[in-house]
Structure formats: structure tokens, C-alpha cells
Amino acid sequence: MPSTIPPRPADAFDVDALRAWIARSAPQLIPADAQVTVRQFPGGFSNLTFLLLVESKAASGGLVLRRPPRGARAAHAHDMGREHDILSALHPLGVPVAKPLVRCDDESVIGAPFYIMEHVDGIILRGEVPPELSGDPTVQRVQLEQLSATFVRTLAGLHAVDVSAGPLHGLARTGSYAERQTRGWTARWEASRTEAVPDIDGIAEWLRSHLPREQAPALVHNDFKFDNLVLDPHDFTRVAAILDWEMATVGDPLMDLGTSLAYWVEADDPPVFRSLGLGVTALPGNATRAELVRMYAAATGRDTSDTLFCYVFGIFKVAVIAQQIYARFAKGDAADQRFARLGTVVEAFGKHGQRAIAAGTL
């Protein structure tokens, strides 16, 4: 598949060991006579995702395997069993997610816990305009307007999922979600710091002193952005699957929106943000961040008056995620050369957050 590459040497695993485990634990997934080719999805900066291409006399198809990155220290963010179980709770509810098939907690099989899910074919928007979008500027503008609406509608749908009972209810915790998240991400920042970034320290202090009113709890994805959406290849205004549930929980939905806003690049934002593969949202036709907030308020009826806090928190969180990855690279625990520039990204997000605070707006 054009969107995949051969596994990076540092990320490769023992395919024979994997097949032996599947033969014992989930033989229905791969026929005994099948040939299995492993490809890696190169996008993303966190958990590793692989495509297992299965070819046999009877049938052919694909499966997807997820495992933590090598050298990962934040166990909660890379808990494969937890992510598998969240997908298992969401799939029967009709939430657009890939169907989980099996999980393995035994690190001896491929060197880390993992789970396998169905492969969902579709379009993923990253740094470049896909060929499925029209080359005509006027038509493309309309298409991107529709995609912005789809983005908000899908996020609002997640926040409408019933979390009052069942497995999802177990994700809820008592106390202030905003305070807990601010404290937790500040601790992650301090634990992963490799050099002084005063702007990030200042944002952390501002967040602690500007905690918002608590919203009614909802399902929170915590990493909702275009390149975590698989769009239907026949109707790209329909989301076929939402990916990367590693940070999902139950909490304040406006803070989920804030993270999405932090990833939503506008045309006059610093160029470094486009270099992260997020520049599609800066093209003409997309909603602005302020327009996204208005669309979300109309779709959900929620009070969005504390959006500035949530946006600045989103900037802070994305900066800390980048710093955690950069720290793994700096310590030699990760070899992906894309990570070498993330220190500069952290500084840029710090300046961007301080500008938002000073301006008092998105």
C-alpha cells in the first residue's frame, strides 16, 4: 500500500513469533497456509502501527497491529490493553472505530504488549492535499468547508456518547478534570524537560491560576485531529474510523475541543506548525478556530465561554507530547530522525501559547 513502508529497522519485530502466538491464541485471524507481509504506517509520533498483509489460497486482506514505541516511559499513554478495551466498548455503540480482534499482554512475543484490529480503508488528511480533493480551487474550497463541518459533527457525536454506565463509566474519576489534567501534564513536562523553555513554564503557571468551570463529563478522545480520522474513500465527508484512542477518557469535552484547536493550523500561524503535517487546515475553505468553536456550540448547546483556557491547555499538552518524544530521542531511546527537530517545535508552541494568552483570543 502506498501509505506504508517496510518496517524501520529500530521498529521491526519477529514475525514468526507473532504468527506462532496467533496460531495458539487467535487462529481464525490468519490461515495456516497464509503468507504474511508486514508494513509500517510511517505517520504519527507515538505508538507504532503496522499493517499485516495476509495472502492465502482462500482469501486475502489486512490486519492492523498496534504496539508502544521503544523506549517509552509514559506507561498510561501506551497501554495497549486499555486502548483495546476502549475500542471494544465503543464498537458495539456504533462509534466509528476499527473493530478490535485480539490483545496480547505478553511482552516476550514481539518485545511489547500489542493488539490487533481490523484494517479500515480510506483517506487520511495530513500535510498535502490528497488527490481525492478537487484541483479546482472553488470546488476544493467547498469540499474543505464540508470537511470542517464533518470534523465538528464527529467530535460532537463523540461527546454525546452515553458514559453513565457500562465499561466507559469506569474511565470517569471524581474531582476537577481540568485541575487534574493541568497537574498531570505539568508533571510530564517537568519529567521530560531537556532544557529550559520559559514560555512553557509560564503557560503551566497561567493554567494553574485560570482553571475553568467544570463541564458535564463526556467521552474525551484527547487527540482528535484530521490525521486521526479515516475518511470514507467514496464520501470523504463521512468518517469511516477514528484512530489513536491511547489517551481517551471521560472528562471535560471542552478540553477535548481545546486539543483539536491546538492542532488546527491557520494560514498566519508559525510555519513550523505546517511542518508537522497539519497544514491542510490552513487552506482556503476550512473553518477558522473561532468558527469551529461557534459550530461546536451550535451542535452541542454547550457553554464555550472558557475556550481560551482549553485552547491554551491544548497548546501546552501538544508541546509536552512533543517534548516527551524529543526526550526519548535525545536519550538515544528513539532513532527516528523526525524527532530531532521537536525541541524547536516545543519552543514554537510555547511562544504561540503566550501570544494567545496576551491577546486573550484564539
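**Q** Describe the sheet that holds strand β1 (residues 35-40), and please don't skip the residues or the numbers.
**A** To summarise the sheet geometry, strands pair through backbone hydrogen bonds and adopt either a parallel or an antiparallel arrangement. With antiparallel pairing, five strands are arranged side by side in an open sheet as β1-β2-β3-β5-β4. The strands lining the two open edges of the sheet, one partner per strand, are β1 and β4 (100-104). Here the average twist between neighbouring strands, direction ignored, is 25°. Direction of pairing for β4 relative to strand β5 (residues 114-118): antiparallel, over a ladder of four bridges. Paired with R103 across the strands is Y115, a residue of β5. Against the sheet, helix α2 (residues 80-90) makes contact with β3 (60-67), β4 and β5, and its axis sits at roughly 160° relative to β4, the strand it touches most.

**Q** Hey, could you go over the packing of aromatic side chains for me, with residue numbers and the actual values?
**A** Each aromatic ring pair is characterised by the separation of its centres together with the angle its planes make. Applying the stated rule across the entire model yields eight aromatic pairs. Through a chain of ring-to-ring contacts, the aromatic side chains of F151, F224, F226 and W264 assemble into a single cluster. Across the ring face of W185, the terminal group of R188 is positioned such that the distance to the ring centre comes to 4.3 Å. The ring of Y263 carries K225 above its face, with NZ or CZ at 4.9 Å from the centroid.

**Q** Run through the pairing of β3, naming residues and quoting values.
**A** Sheet topology places strand β2 (residues 48-55) next to β3; eight bridges connect them, and they run antiparallel. Bridged to E55 within β3 is S60. Between β2 and β3, which pair antiparallel one after the other, the connecting turn spans four residues. As paired elements, β3 and β5 share four bridges and run antiparallel to each other. Counted as the bridge partner of L63 is E118 from β5.

**Q** An account of the side chain of T4 is needed here, citing residue identities and associated values.
**A** Assignment of secondary structure puts T4 in the segment before α1 (15-25). Residue T4 is classed as buried on the basis of its relative accessible area of 5%. Ignoring sequence-local partners within four residues, the contact set of T4 consists of R39, Q40, F41, P42 and L51.

**Q** Let's hear about helix α10 (residues 342-359): which residues, and what values?
**A** In a regular helix each residue adds 1.5 Å, so 18 residues correspond to 26 Å; α10 covers 26 Å between its end C-alpha atoms and thus fits that length. What α10 keeps buried is the set L342, G343, V345, V346, A348, F349, G350, H352, G353, A356 and I357. Taken together, the buried residues of α10 touch α4 (177-192), α5 (198-208), α6 (253-263), α7 (271-278), α8 (289-300) and α9 (307-330). Positive backbone phi, at 70°, marks G360, one or two positions downstream of α10.

Cut-offs applied
Residues numbered from 1 in each chain as written. Predicted model: local features only at pLDDT ≥ 70, side-chain atom pairs only at ≥ 80, totals over all residues. Heavy atoms only, no water. Pairing = 2+ DSSP bridges. Helix = DSSP H or I, 4+ residues; strand = E, 2+ residues; numbered from the N terminus. Axes fitted to C-alpha atoms, helices over the stretch in contact; angles between N-to-C directions. Contact = heavy atoms within 4.5 Å. Phe/Tyr/Trp six-rings, centres within 6.5 Å; stacked < 30°, edge-to-face > 60°. Lys NZ or Arg CZ within 6 Å of the ring centre and 35° of its normal. Buried < 20%, exposed > 50% of the residue type's maximum accessible area, 1.4 Å probe, protein only. Expected span 1.5 Å × (residues − 1).

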